[in-house]
2 protein chains.
Amino acid sequence: MSERSHCGFLSAEQVGQEVLLKGWVQKRRDLGGLIFVDLRDRSGIVQVVFNPDESKEALETAEKIRSEYVIEVKGTVANRDESTVNPKMLTGEIEVIAKNIEIINTSKALPIQIEDETDATEEVRLKHRYLDLRRQSMQETFLLRHQAAQSIRNYLGGNGYLEMETPYLTKSTPEGARDYLVPSRVHEGEFFALPQSPQLFKQLLMVSGFEKYYQITRCFRDEDLRADRQPEFTQVDIETSFMSQEEIMAMTEEMLQNVVSEVKGVKINLPFPRLTYEEAMERYGSDKPDTRFDLELVNLSDLVENSGFKVFKQAVESGGKVSAINVKNSADQFSRKDIDKLTEFVKIYGAKGLAWLKADEGTVNGPIAKFFSEEEVEGFKNRLSIEDNDLLLFVADSKQVVAESLGALRSKLGKELGLIDQSAFNFLWVTDWPLFEYDEESNRYHAAHHPFTMPQDDDIDKMTNDPANVKAQAYDVVLNGFELGGGSLRIYKREMQEKMLSVLGFTEEEAKEQFGFLLDALEYGAPPHGGIALGFDRLVMLLAGKTNLRDTILFPKTASASDLLTQAPSEVSQDQLKELHLQLLEKEAKSK
Amino acid sequence: MSERSHCGFLSAEQVGQEVLLKGWVQKRRDLGGLIFVDLRDRSGIVQVVFNPDESKEALETAEKIRSEYVIEVKGTVANRDESTVNPKMLTGEIEVIAKNIEIINTSKALPIQIEDETDATEEVRLKHRYLDLRRQSMQETFLLRHQAAQSIRNYLGGNGYLEMETPYLTKSTPEGARDYLVPSRVHEGEFFALPQSPQLFKQLLMVSGFEKYYQITRCFRDEDLRADRQPEFTQVDIETSFMSQEEIMAMTEEMLQNVVSEVKGVKINLPFPRLTYEEAMERYGSDKPDTRFDLELVNLSDLVENSGFKVFKQAVESGGKVSAINVKNSADQFSRKDIDKLTEFVKIYGAKGLAWLKADEGTVNGPIAKFFSEEEVEGFKNRLSIEDNDLLLFVADSKQVVAESLGALRSKLGKELGLIDQSAFNFLWVTDWPLFEYDEESNRYHAAHHPFTMPQDDDIDKMTNDPANVKAQAYDVVLNGFELGGGSLRIYKREMQEKMLSVLGFTEEEAKEQFGFLLDALEYGAPPHGGIALGFDRLVMLLAGKTNLRDTILFPKTASASDLLTQAPSEVSQDQLKELHLQLLEKEAKSK
């Protein structure tokens, strides 16, 4: 009996056996001279009974224990009286009659209750993260996280992908989000950067001939934080040589199918549906559409280009568009006031207004109904499949504003009207991304994905003259409206990479300075290669049915990028700074 | 035939089949109007033959290819003529008769030959790491590294250990080696630190009740580099609750046995031998003894405490010791000059000299032989098992100097005399470590392991008065003379942790400031816990039979902590620094 048993694994099969248990006191109740303790370990909870007939000494010790004390109990598994069987508890048929108890450690009264539902503020939870993590829902999330990682590793390892570790102390690159910098002690005035992703290293591994690489790795971005961003996050990073876009997508699908099956017991159908970027923007107003509900955007531009309703006509004439969504069978649920609120909502996204119609008795009503001809109304009916009591919401604006405002409205209504099947896992590919994005502020083109993405063969000629219309050999995988990951085929010839950097505004010298090692590598027999990177925290969040990314990370940072538990970041000594050849900038120097 | 075949996996079984191959040109030979190409991919090499009878066009294209071109070949597997079978090649029985070839990418002439033995300098190899990694021995090492990681993950996952990710942006601690610092943009004047190990986080996970944690994780130390040190290194990090030292050691042994078996096909016997720290120092002069050969240090102090040889007598009298090693059957191989060289060698370690005797005709000779009585000589003979032609080497000095100098001499002679079985994997535990180390420079005690290590129960009373003699519940695992990893049981009560920090010289306030979150956590039902951390790079090095740690890391840093490939670290812009509230220290300010 020196072997420890686990609370949650005991069952009626062990009745009569002596067991040794170690764990935490979830709850103690005193009743009729007996003490009942819910004893918890990682496996679950079992009831332990202290009973003067069994051991007076144990009972006396048990009187000292409080919630979250750590105890060791020896006792005998017994059936509960039928009247006290607890069907809500996995071990509810049995209890352990204690012969012996030892208090291993005590606990002060807790700032957080170790219960599944907590009303503690997030601040308190993060400050006492080690207690917050004791709650069952947290324990389950991190078990799931482990299982998801294991499933991915098994799949990739089984398919010839080698786990390979790329450096964390790397070179700072000027592209994209801000790097976290690490000053060098040895090299005065120089800095390492923490990687935003292992992109270049994994490409170099392909040049090295490893052919199949993966890594579940940490990445770092010093961005202004939002609810779903963390300064450090985990990425499932994959790269492969000689495989086509189709092959990489098929591999990714199979891997994700595997994870969902092993972790959730849900079978996802393959292949995943696909949308081009253009189609996604047109039909969902989003490049990461949530397809768990319809409420699609319908383009009506061609119907209204000569409309008597000037707002619509002018939008189309000036190169914009008119789209609408049909909120089925809901006209009676939306008052004028409700619609005013929706109008305020779309204005956040730049829309100047929200036009609306309600369908009733075979036709459409509303303040703007009078502007439309019979043909136009017929057109709406057909294209939007209008039935009585449908609410139609229109935005007429530039293409971007129509997509963003109606896309956001679609998401909002989908949630608020309960249209979303919360048990579904809707995976989706978005393909044929633009290679470049025009940045108004800096008045130049940026890489939409990253500067190593291969353009589509047919568009290569347009790179210099018409970059806006060059499509990339890139693919994003979307799950339930979240961008789960993105991948692409990479440029594997020096000339093409140089051309790409030049379109992005790099001089020859800058290109060499920043990416010389890559350009060189591409001249020594670089194979065609491509890959994908998946946000692992986000995948876990969606699999665990959570809505807060911080609930999927053991020790997350707050929205202001600090760790409330250890109080990091913190000040360091002058000596430490001096060793790094640094000093803090004085306030006056800064304001210059 | 659109499915790709792999060069190294082809065999006589495929004769007659059409195959599609993609890979690199290892070598091209032109012979009698034919072209022979050794085509390489990750799986190995196969010979491809271009033959005008099969395809003139393919032959013409093949004339253009050079070493390391990336090509795609379609052809038919055929048996080689018996005369051209190459038994040194795995695929040496067959060849592929090419029907078609496509040049996918070209290659300039290489700065490094892609051959197993290279005479390129390490500088060139690191600068062109992507080419260096193409060499077969490198490919094999990283395949082995992947397999070792997989084996460890499978073992730990299968035994209930959860893979859990601790933060990389953490709080700077003043203990031990230097932290790499990461300035915060959001929190002016504050810094994160990259973790030297996840020690405190894994302990907090035990307080959280996860019970079994593991992580193969990167750690960072800004130390002055030596050949076997890297600024970032990988650690197999394990922590568990409620397990005894014996249980943790047994688990570690089984895990390592598994790795060696799966990666090398070698069966290691369990349990590993054990030495206490004291015994290891006494018998091997090392806390990480290489037990692949004998040549043990033998303590002769009691025999010579009244010796006529003053040097020996005085060493013992002043609290030091006299030890010797017996270099068996080697007296005739060591001239006076050779021994002088050994004397110079031990002086590096602080020894004032090296006494020696040679055994011949049943007695011992040498310049100091005359000082010893017959009993002393008899004593030497018995204790050192002296036979004719043995060479006996003595050091008489402080205990530390005797251990270090004779320990180093033992290693040197073991290597030079070829006493080491290079195929052996000699694992070993070193236990009962001192808890504290006295640091002359700062005139205070340091934690020998780390400040969270549990003292042995019997020694707790000595912590304040006699710290030098407190032993730790700590254990190191040693492989072939390398420290592979170290572990301990941890302090799990606040009072004990406070006591420990106080012995280490922390004021109450400093203890709270640095480790308040840990001290707090220990008050809320912390379970007894302990663990171990293994150097993964070093494990891979030893399994792969390498001697340079850099050969086990994909993109290592040089001894001056820089990356020759990407030229990191590097300068950053003034804007970047300003955002981080930093400026470079000017030289004059530094010299103050």
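Fair warning: this is a prediction, and the values are worked out from it, not measured in the lab.

Caption draft 1: Seen up close, unusual backbone geometry. In this structure, the amide linkage connecting Leu-270 of chain A to the following residue, Pro-271 of chain A, adopts the cis form with an omega of -10 degrees. Inspection of the secondary structure assignment puts Pro-271 of chain A in the loop between helix H6 (245-264) and strand S12 (274-276). Of note in the backbone geometry, Asn-443 of chain B takes a positive phi value of approximately 55 degrees without being a glycine. Looking at the secondary structure, you find Asn-443 of chain B in the loop between strand S19 (436-439) and strand S20 (444-447). A residue is classified by how much of its surface remains accessible, and Asn-443 of chain B, at 54% relative accessible area, is exposed.

Caption draft 2: Representation of the UniProt feature "binding site: L-aspartate" (unreviewed entry) in chain A within the structure. All names here are of chain A. The feature "binding site: L-aspartate" (unreviewed entry), as given by UniProt, occupies Glu-175, Arg-221, His-449 and Arg-490 in the numbering adopted here. Tracing the backbone shows Arg-221 in the loop between strand S10 (212-220) and strand S11 (232-241). On the basis of relative accessibility, which here comes to 29%, the residue Arg-221 falls in the partly exposed class.

Caption draft 3: Main features of the sheet that holds S11 of chain A. Residues and elements named next belong to chain A. Strand order across the open sheet formed by eight strands is S7-S10-S11-S23-S22-S21-S18-S12, with mixed pairing between neighbours. Among the strands making up the open sheet, the edge pair consists of strand S7 (162-163) and S12. One ladder, built from seven bridges, connects S11 with strand S23 (residues 529-535); its direction is antiparallel. If you follow Ile-238 over to S23, its bridge partner there is Ile-532.

Caption draft 4: Expanded view of the environment of Tyr-155 of chain A. Residues and elements named next belong to chain A. Note on placement: Tyr-155 falls in helix H4 (residues 136-158). For the pair formed by Tyr-155 and Leu-406, sequence separation is 251 residues and the distance between their alpha carbons is 39 Å. If we skip the residues at most four places from it in the chain, Tyr-155 touches Met-251, Glu-254, Met-255 and Asn-258. Among the polar contacts made by the side chain of Tyr-155, one reaches the side chain of Glu-254 at a distance of 2.8 Å.

Caption draft 5: Broad picture of the domain arrangement of chain A. The assigned domain composition of chain A is domain 1 (12-105), domain 2 (139-274 + 428-551) and domain 3 (293-420). Using only C-alpha atoms to locate each centre, domain 1 of chain A and domain 2 of chain A end up separated by 51 Å.

Caption draft 6: Local environment of the side chain of Ser-172 of chain B. Here Ser-172 of chain B is to be found in the loop between strand S7 (162-163) and strand S8 (181-183). We classify Ser-172 of chain B as buried; its relative accessible area is 7%. One polar contact links Ser-172 of chain B to Gln-576 of chain A, side chain to side chain, over a distance of 3.4 Å.

Caption draft 7: Structural context of the pairing of strand S18 (residues 427-431) of chain B. Residue and element names in this part refer to chain B. For S18, a buried count of five out of five residues is recorded, marking the element as mostly surrounded by other parts of the structure. In S18, alternate side chains face the same way, and those of Phe-427, Trp-429 and Thr-431 on one face and Leu-428 and Val-430 on the other are all buried. Strand direction decides the pairing type here: strand S12 (residues 274-276) and S18, joined by three bridges, are parallel. Looking at S18, one finds that Arg-274 is bridged to Trp-429. Two elements, S18 and strand S21 (residues 474-479), share five bridges in a ladder whose sense is antiparallel. When the sheet's bridge partners are listed, Phe-427 is paired in S21 with Leu-479.

Caption draft 8: Representation of the confidence of the model for chain A within the structure. Here chain A shows a mean pLDDT of 94. Residues at 70 or above account for 97%. For this predicted complex, the interface confidence score (ipTM) comes to 0.95, while the overall pTM stands at 0.95.

Caption draft 9: Seen up close, the interface of chain B and chain A. At the junction of the two partners, chain B supplies 123 residues and chain A supplies 123 residues. Ranking the residues of chain B by area buried against chain A places Arg-42, Glu-165 and Tyr-524 of chain B at the top, with a combined share of 8%. Glu-165 of chain B serves as the salt-bridge partner of Arg-145 of chain A, at 2.7 Å between the closest nitrogen and oxygen. Linking chain B with chain A are 65 residue pairs in polar contact (both at pLDDT 80 or more), by the criterion used here.

Caption draft 10: Region of interest: the packing of helix H10 (residues 336-348) of chain A against helix H12 (residues 399-416) of chain A. Residue and element names in this part refer to chain A. The contact between H10 and H12 brings their axes to 8 Å, and the two run at 130 degrees. For the element pair H10 / H12, the angle class is oblique. Both H10 and H12 take part in a crossing whose hand is right-handed. Residues Leu-342, Phe-345 and Val-346 of H10 touch H12, and the partners they reach there are Ser-405, Ala-408, Leu-409, Lys-412 and Leu-413. In terms of residue class, the contact of H10 with H12 is made up of six nonpolar, one polar and one charged.

Caption draft 11: Representation of a negative patch on the surface. On the surface, Glu-571 of chain A together with Glu-508, Glu-509, Glu-510 and Glu-513 of chain B cluster together to form a negatively charged patch. With respect to the helices and strands, Glu-571 of chain A occurs in the loop between helix H16 (536-543) and helix H17 (574-579). Taking relative accessible area as the criterion, Glu-571 of chain A reaches 65% and is therefore assigned exposed.

Caption draft 12: Structural view of the relation of the copies chain B and chain A. In screw terms, the move from chain B to chain A is a rotation of 180 degrees and a rise of 0.0 Å along the axis, fitting with an RMSD of 0.1 Å. Such a combination of turn and shift is consistent with a two-fold rotation axis. For chain B, the residue whose C-alpha comes nearest the rotation axis is Val-182 of chain B, separated from it by 2.5 Å. The residues that chain B uses at the interface reappear at the interface of chain A in 100% of cases, marking a shared surface.

Calculation rules
Residues numbered from 1 in each chain as written. Chains lettered and ligands numbered in written order. Predicted model: local features only at pLDDT ≥ 70, side-chain atom pairs only at ≥ 80, totals over all residues. Heavy atoms only, no water. Helix = DSSP H or I, 4+ residues; strand = E, 2+ residues; numbered from the N terminus. Buried < 20%, exposed > 50% of the residue type's maximum accessible area, 1.4 Å probe, protein only. UniProt positions renumbered as here; feature names shortened; annotations may be inferred. Pairing = 2+ DSSP bridges. Contact = heavy atoms within 4.5 Å. Polar contact = N/O pair within 3.5 Å; in protein donor to acceptor, adjacent residues only side chain to side chain. Domains from an automatic or database assignment. pLDDT = per-residue confidence, 0-100. Buried area = accessible area lost by both parts, 1.4 Å probe. Salt bridge = Lys/Arg side-chain N within 4 Å of Asp/Glu carboxyl O. Axes fitted to C-alpha atoms, helices over the stretch in contact; angles between N-to-C directions. Parallel < 35°, antiparallel > 145°, perpendicular 65-115°, else oblique. Left-handed = near helix turned anticlockwise from the far one by under 90°. Nonpolar A, V, L, I, M, F, W, Y, C, P; charged D, E, K, R; others polar. Patch = residues over 30% accessible without salt bridge, like charges linked within 9 Å, V, L, I, M, F, W, Y side chains within 5 Å. Areas by Shrake-Rupley, 256 points an atom, 1.4 Å probe, with all protein chains shown as cover. Lys, Arg positive; Asp, Glu negative; His and termini not counted. Charge placed at Lys NZ, Arg CZ, Asp CG, Glu CD. Least-squares fit on C-alpha atoms with pLDDT ≥ 70 in both.

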